Amino acid sequence: MKLSNYQIDEIYPFHGTFGMPSKCGLKIKQLEHKTIVITTELYQENPGTSITSVTTSLATQICEEYKIPYDKLIYLECAPGMNSKLNFYDEVYYRVDFDLVNHELQNPKWTKITDDEKDIYL
Amino acid sequence: MKFKLIYPKWRKLEGQTTFNLPPHGPVVMAASIPEHVNVSFTDENVENIDFDEAVDFVGISMMLTVQIKRGYEIAQKYREKGIKVIFGGISTMLHAEETLKHADSIFLGESEGRMEEVFNDWKKGTLKQVYNYLHEHPDITTIGPARRSILNRPLYNHKGVQMVDLFHASRGCRFSCYPCAVSYLGGRKFRPRPIDKAIEELESIDNNRLFIVDNSLAQDKNWETDLFKAMIPLKKKWISHTIDDDPKILDLAAQAGAWYVYQAVFDTSDYIKERIKRYHDHGIGVEGTILLGLDDQTEDDIKRLIDFLLEIDLDLAEFTVLTPFPHTKVWDDLLREGRIFDRDWNNYNAGQVVFQPKHMSPDRLQELYQYAWDSFYKEESQEQKMFKLFSKVVLKEMNDGTFVPRKRELINQSFGKQVIR
């Protein structure tokens, strides 16, 4: 059994659009000055809203629950591979950067990360 | 009290044959409205709304994203008169936050067992802003026949030929396909209706030709087998989406009246070619549904795909461009990559490119979309191919004694408008 490098490695229930009960994979890794949060889409196992539909709200829910200061947050989204020959089902990671406006996360911007960058974060 | 239920119009795709089918969402919803409520229905695609009609409460039912802006306009007219407006339907669910800004109330989810609450709240003046049943699906065994009596039947005729009626045998979907939102809307579990309930509704429909609108019937072989066996005595003729690729099930489907199916054609493989052939071997026609603009398609791939369609003897083909509807994986992917450049919902008609394709410009994809339609229907027009498919169903009906001649009194009308034969 491989031990997880993460302080948190769980299925995380969250409130989706209009409070719709939803689930994602959640990993949290605490570094010295930053906290890496990785949310993973669960597709069929997620009964509600996708992680990308509610990125800002989900990041806020996680930060509040795990007491993560917004300015220490490195937030990643993972769309896992779906075992398909079609390339739009390949695994892909994005770093999401937010503007911090009036102490709130806003305006998510996604950047696809390379395998090398992924190794740094994961 | 009088409840006005409205289905907004939308701009149809240019160059394509338009058929206005009786809508399904409003008649399903209407079945759950309390009996004491007087329901007046207008499908704006076939008749104008009489804004002077005296009504107490308005419901706007929206299926397509291209309906929502018109839905907002209609709502505004009624709200200016002080009449409360509630929105529901698939597109209300997909665009809920935006729709709420144009509504007194929105209903999210399936309506069975919930309308008593809505109408009681309206009566008390305590209509809620949001009725959120997105995650609480009603017991599938309680879903009864749709209330088709609200339809103005003669309007769904083209030169005396009655259009197919829409019917559903299940809800939800266990697949999460790239461009589709059904699993978000109806849940990620397949919820088949009990066979006796489905048959009860089928028997009640005064139309021998149907479109079974379920996302895919190929989700539970035992149920699918039982459904087709039970449908055989009804002698209905029907269109549906995918059926299981199993000779026994295809045989039963044919006996149960399968007229033609919509089958996604996504590559040029022998599997697709043989699959189409197996439908044809069972006497079932095939309308290929072809999605253009996927990230794994280059210009050459699209041209090869079109050549392939001509080789495999499809009865009809319907081309669409990839469209990022909210709550689909394609929306998430294109949003993250900043590739959605057009947020005008009127352009989300699956015929207009609203995103940056991976291997070509949006304009080039738009050209290839037109090229696809033109190439496929070059030798034989869409109307000619449709007529051939129509002739097949007429032949089947004549053979089993279910053929109903066109209505002579409507022979000079097409969807409520006068036409010359």
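Residues numbered from 1 in each chain as written. Chains lettered and ligands numbered in written order. Predicted model: local features only at pLDDT ≥ 70, side-chain atom pairs only at ≥ 80, totals over all residues.

Caption draft 1: Examining the overall build of chain A more closely. When helices and strands are counted, chain A shows 2 helices and 6 strands. Starting at the N terminus and walking to the C terminus, you meet the elements of chain A as β-β-β-α-β-β-β-α. Its C-alpha atoms give chain A principal-axis dimensions of roughly 45 × 35 × 30 Å. Taken over 122 residues, chain A has a buried fraction of 33%. A sequence separation of at least 24 residues applies to 46% of the contacts in chain A between residues at least 6 apart. (Helix = DSSP H or I, 4+ residues; strand = E, 2+ residues; numbered from the N terminus. Buried ≥ 20, exposed ≤ 12 C-beta atoms within 10 Å, placed from the backbone. Contact = placed C-beta atoms within 7 Å.)

Caption draft 2: Just helix H1 (residues 55–65) of chain A, in detail. Residues and elements named next belong to chain A. By the burial criterion, the buried members of H1 are Thr55, Leu58, Ala59 and Ile62. Within H1, the buried residues cover an arc of 100 degrees as seen down the axis, which keeps them to one side. In the stretch just after H1, Lys67 is the one whose phi turns positive, near 50 degrees. (Arc of directions from axis to C-beta.)

Caption draft 3: Summary view of the packing of helix H7 (residues 195–204) of chain B against helix H8 (residues 221–231) of chain B. Residues and elements named next belong to chain B. One way to put it is that H7 packs onto H8 with a least axis distance of 10 Å and a crossing angle of 35 degrees. By crossing handedness, the relation of H7 to H8 is classed as right-handed. Contact residues: H7 offers Ile195, Ala198, Ile199 and Leu202, while H8 offers Asp226, Leu227, Ala230 and Met231. Broken down by class, the residue content of the contact of H7 with H8 amounts to 7 nonpolar, no polar and 1 charged. (Axes fitted to C-alpha atoms, helices over the stretch in contact; angles between N-to-C directions. Left-handed = near helix turned anticlockwise from the far one by under 90°. Nonpolar A, V, L, I, M, F, W, Y, C, P; charged D, E, K, R; others polar.)

Caption draft 4: Highlighting the domain arrangement of chain B. Residue and element names in this part refer to chain B. Segmenting chain B into domains produces domain 1 (2–140) and domain 2 (151–400). The gap between the C-alpha centroids of domain 1 and domain 2 is 26 Å. Domain 1 puts 24 residues into the contact, and the matching count from domain 2 is 30 residues. If you list the elements that add at least two residues to the side of domain 1 that touches domain 2, you get helix H2 (68–80) and helix H3 (90–94). With 3 residues, H3 is the largest single contributor of residues to the side of domain 1 that touches domain 2. When its residues are assigned to classes, the side of domain 1 that touches domain 2 shows 13 nonpolar, 8 polar and 3 charged. (Domains from an automatic or database assignment.)

Caption draft 5: Main features of the pairing of strand S14 (residues 258–264) of chain B. Residues and elements named next belong to chain B. When you tally the buried positions in S14, you get 5 out of 7 residues, the bulk of the element. Taken together, the 3 bridges between strand S13 (residues 237–240) and S14 define a ladder with parallel strand orientation. Note that in S14 the partner of Trp238 across the bridge is Ala258. A crossover connection joins S13 to the parallel S14 through helix H9 (residues 247–255); in handedness this β-α-β unit is right-handed. Strand direction decides the pairing type here: S14 and strand S15 (residues 285–292), joined by 5 bridges, are parallel. Residue Gln263 lies in a different strand from S15, and its bridge partner there is Gly288. (Pairing = 2+ DSSP bridges. Right-handed = clockwise from strand over helix to strand, strands pointing away.)

Caption draft 6: View of the sheet that holds S14(B). All names here are of chain B. Across the sheet, 6 strands lie side by side as S9-S12-S13-S14-S15-S16; this open sheet has parallel pairing. The two strands at the open ends of the sheet, each matched to only one other strand, are strand S9 (165–167) and strand S16 (316–321). On average, each strand axis in the sheet is inclined to that of its neighbour by 20 degrees, with strand direction left out of account. Relative to S16, S15 runs parallel, the two being bridged by 6 bridges.

Caption draft 7: Representation of the packing of H8(B) against H9(B) in the model. Residue and element names in this part refer to chain B. At their nearest, the axes of H8 and H9 sit 8 Å apart, and the two run at 30 degrees to each other. The angle between H8 and H9 falls in the class roughly parallel. In the packing of H8 onto H9, the handedness of the crossing is left-handed. Mapping the contact onto sequence places Lys221, Glu224, Thr225, Phe228 and Lys229 in H8 and Ile249, Leu252 and Ala253 in H9. For the contact of H8 with H9, the residue count by class is 4 nonpolar, 1 polar and 3 charged. (Parallel < 35°, antiparallel > 145°, perpendicular 65-115°, else oblique.)

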